[in-house]
Amino acid sequence: MGVLYHSTRSKSEPVTASQAILKGLSEDGGLFVPDHIPALDRSLRELSEMDYRQTAYEVMKLFLTDFTEEELKSCIERAYDSKFDTDVIAPLAEAGGAYYLELFHGATIAFKDMALSILPHLMITAAKKNQADNEIVILTATSGDTGKAALAGFADVEGTKIIVFYPKDGVSPVQEKQMVTQKGANTLVVGIHGNFDDAQTGVKKLFADRELAAELAEKGYQFSSANSINIGRLVPQICYYVYAYAALLREGRIQDGEQINVVVPTGNFGNILAAFYAKNMGLPVGKLICASNENKVLYDFFRTGTYDRNREFVLTASPSMDILISSNLERLIYRIAGNDADRNGELMAALTGNGKYEISAQMRSELEDFYGNYASEEETAAEIERLYRECGYVIDTHTAVASVVYGKYRQETEDDAKTVIASTASPFKFARSVMKAIDEKYDAKTDFELIDELSSLAGVKVPKAVEEIRTAPVLHNRQCQVGEMKDTVREFLNL
Ligand SMILES: *Cc1c(COP(=O)(O)O)cnc(C)c1O
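All residue numbers here refer to positions counted from 1 along the written sequence of the relevant chain. With pLDDT at 70 or above as the cut-off, local features in this predicted model cover only qualifying residues; side-chain atom pairs require 80 or more to be listed or tallied, and sums for whole chains, interfaces and linings still use all residues. Working from all heavy atoms in the structure, the side-chain values ignore hydrogens and water.

Engineer: Would you explain the environment of Val285 in this entry?
Structural biologist: To qualify as a helix, a DSSP run of H or I must reach at least 4 residues; to qualify as a strand, a run of E must reach at least 2; elements of each kind are numbered from the N terminus. Along the chain, Val285 falls in strand E10 (residues 285-292). The classification of residues rests on relative accessible area computed with a 1.4 Å probe and restricted to protein chains. Under 20% of the type maximum is buried, over 50% is exposed, and intermediate values are partly exposed. Residue Val285 is classed as buried on the basis of its relative accessible area, which comes to 2%. We call two residues in contact whenever any of their non-hydrogen atoms come within 4.5 Å of each other. The residues touching Val285, leaving out its near neighbours within four places in the chain, are Gln259, Ile260, Val262 and Lys279.

Engineer: It is not clear to me how the UniProt feature "modified residue: N6-(pyridoxal phosphate)lysine" (unreviewed entry) in the protein should be interpreted in this structure. Could you clarify?
Structural biologist: In the numbering used here, UniProt assigns the feature "modified residue: N6-(pyridoxal phosphate)lysine" (unreviewed entry) to Lys112. Summarising the element assignment, Lys112 is placed in helix H5 (residues 112-116). In this structure, Lys112 is in contact with Asp145, Thr146, Ala149 and Arg233, ignoring residues within four places of it in sequence. UniProt positions are given in the numbering used here, feature names are shortened, and annotations may be inferred rather than shown by experiment.

Engineer: When you look at the environment of Asn134 in this model, what are you seeing that I'm missing?
Structural biologist: Structurally, Asn134 can be placed in the loop between helix H6 (119-129) and strand E5 (135-141). With relative accessibility at 29%, the residue Asn134 sits in the partly exposed group. For the pair Asn134 and Thr160, spaced 26 residues apart in sequence, the C-alpha to C-alpha distance is 9.1 Å. Residues in contact with Asn134, not counting those within four places in the same chain, are Gly220, Tyr221 and Gln222. Of the polar contacts made by the side chain of Asn134, one reaches the side chain of Gln222; its length is 3.4 Å. Pairing of N or O atoms within 3.5 Å defines a polar contact, subject to two protein rules: one partner must be a possible hydrogen donor and the other a possible acceptor, and residues neighboring in sequence count only if both atoms are side-chain atoms.

Engineer: Hey, could you run me through the sheet that holds strand E4 (residues 98-102) in this one?
Structural biologist: Strand pairing in a sheet is mediated by backbone hydrogen bonds. Such pairs are either parallel or antiparallel. Two strands make a pair as long as DSSP finds a minimum of two bridges between them. Taken together, the six strands give an open sheet; going across it, the order is E3-E4-E14-E9-E10-E13, and neighbouring strands pair in mixed fashion. Taken across any chain shown, the strands that pair with only one partner, and hence form the sheet edges, are strand E3 (92-95) and strand E13 (370-374). The average undirected angle you get between the axes of adjacent strands in this sheet is 25°. Where E3 and E4 come together, four bridges link them in antiparallel fashion. Bridge assignment links Glu94 to a residue of E4, and that residue is Tyr99. Orientation is described by axes fitted as lines to C-alpha atoms, over the contacting stretch for helices, and by angles from 0 to 180 degrees between their N-to-C directions. Along the sheet, helix H13 (residues 297-304) contacts E10 and E13; its crossing angle with E13, the most-contacted strand, is approximately 135°.

Engineer: Can you walk me through the site of the ligand in this structure?
Structural biologist: The full set close to the ligand counts 15 residues, and Lys112, Asp145, Gly267, Asn268 and Thr424 are the nearest of them. A distance of 2.6 Å separates an oxygen atom of the ligand from a polar side-chain atom of Lys112. In the environment of the ligand, an oxygen atom lies 3.0 Å from a nitrogen or oxygen atom belonging to the backbone of Phe269. Residues are grouped as follows: nonpolar covers Ala, Val, Leu, Ile, Met, Phe, Trp, Tyr, Cys and Pro; charged covers Asp, Glu, Lys and Arg; every other residue, Gly included, is treated as polar. In terms of residue class, the shell around the ligand is built from five nonpolar, eight polar and two charged. Residues are classed as near a molecule or strand on a simple rule: at least one heavy atom within 4 Å of it.

Engineer: I would appreciate a short explanation of the packing of helix H4 (residues 69-79) against H6 in the present structure.
Structural biologist: To describe two helices that pack against each other, one gives the angle between their axes and the distance between the axes. Their axes nearest at 9 Å, the elements H4 and H6 cross at an angle of 150°. One way to sum up the angle between H4 and H6 is to call them roughly antiparallel. Pair H4 / H6 crosses with right-handed handedness. On the side of H4, the interface is formed by Glu71, Leu72, Cys75, Arg78 and Ala79, while H6 contributes His121, Leu122, Thr125 and Lys129. Class assignment of the residues belonging to the contact of H4 with H6 gives a composition of four nonpolar, two polar and three charged. To sort the angles, those under 35 degrees are grouped as roughly parallel, those over 145 as roughly antiparallel, those from 65 to 115 as roughly perpendicular, and the leftovers as oblique. Working rule for handedness: look at the near helix, and if it is turned counterclockwise from the far one by less than a right angle, call the crossing left-handed; if clockwise, right-handed.

Engineer: Can you walk me through the UniProt feature "domain: Tryptophan synthase beta chain-like PALP" (unreviewed entry) in the protein in this structure?
Structural biologist: Following the UniProt record, one finds the feature "domain: Tryptophan synthase beta chain-like PALP" (unreviewed entry) at residues 102-422. Overall, residues 102-422 shows 48% helix and 17% strand. The separation of its end C-alpha atoms is 7 Å.

See the structure below:
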């Protein structure tokens, strides 16, 4: 049975997977959700004999049901190739009693590559399938990692343009350098004077702007999204959870059917939602452990049932998680509201209006798969140091947040099920915070000195993505106020 997608905010006509990918966001401002979660149709044993590409096909074919086998396999082959520095694509590293699923071996050394290396191919295929002749303009807000991964994926892709807005003072030096050195005549990178939520809210507003949509259509353009609000981002993220389970089974580390826990350092709630979908496909997953940094709005939500963004926005050493409005939570809210678009719409309107909403006791009872907690900045730094000292394994700040929260979970519950921690970025991307955590003395060094020190200390070669930006010229230096985002877009597209 084919899977169709409909909006979380209205009962408008469902669309196919390829249409949902093309649109990105529904016209009513809602997110596209699958009308049901398909069950895995391969046994875990069969999956354990597959490589990453084969696994990805087995998962994605169940969601993207209007893509042909040939189309999907071609997208997969082009995405998961030598852009990754390992054939395994997503290796597991055992350290300190957990399995770190390294999702940072792609072109921009963060987990966003897992989905953004395939999204451009899915989108172009989707455009062909739907005879869309408009040029696609990818409009993206980034907390640091999506921006570069999307730029790398869409640069010089015919029939597309890409515009990235990032918080000028809210990303790491490596993240910023990666973005502003991006080549490609179809790319625009803009630093905004605001935080990630401002960027994301601004982008969502542009999507909903009918006047702008009309101007775009007249010039032969249409917007789409590379953020995890696009279902084409979410579906490829399900694959690595299935792959990780299958790898543990292949290596004899778990029994067939044994439940594992998954820990995810969370910002926009996309990565952990993918794990939840994997569980609902029948993957034996016990708890979904949602780890936050000091922007702990999700921890408070799981604890109290109230989502409240009215609080100070904290700039942390894990900037890709500095988010107070976790967009993808809406997909979960819709579901626990009994797939009720009206109810979900009311809650989202409350979030826009008052900055908060409260879910019912009935809805809360549907959240038992989840456990939420958070890590302070001190705990995060201490965890990097501990894991390095005890195991010689160096993790980045985001992964460290997850690692701290996993420790808290174990202490609270004594649940000793095998656990996979999503390792979402290479430590090289956050070298200063990582090295400072290991020893304060490193703070005196320059960013690239630190990168070299990190390389010798971890025994890991400096990734190509970092080598490239050492000498790359800056090609983008635009900045704008939040209120100027629309005009910036207009100007770039000559509207
Ligand atoms: C984006 C990102 C996250 C958060 O992922 P979400 O899907 O937004 O929850 C965590 N860590 C890193 C390194 C990221 O780039």
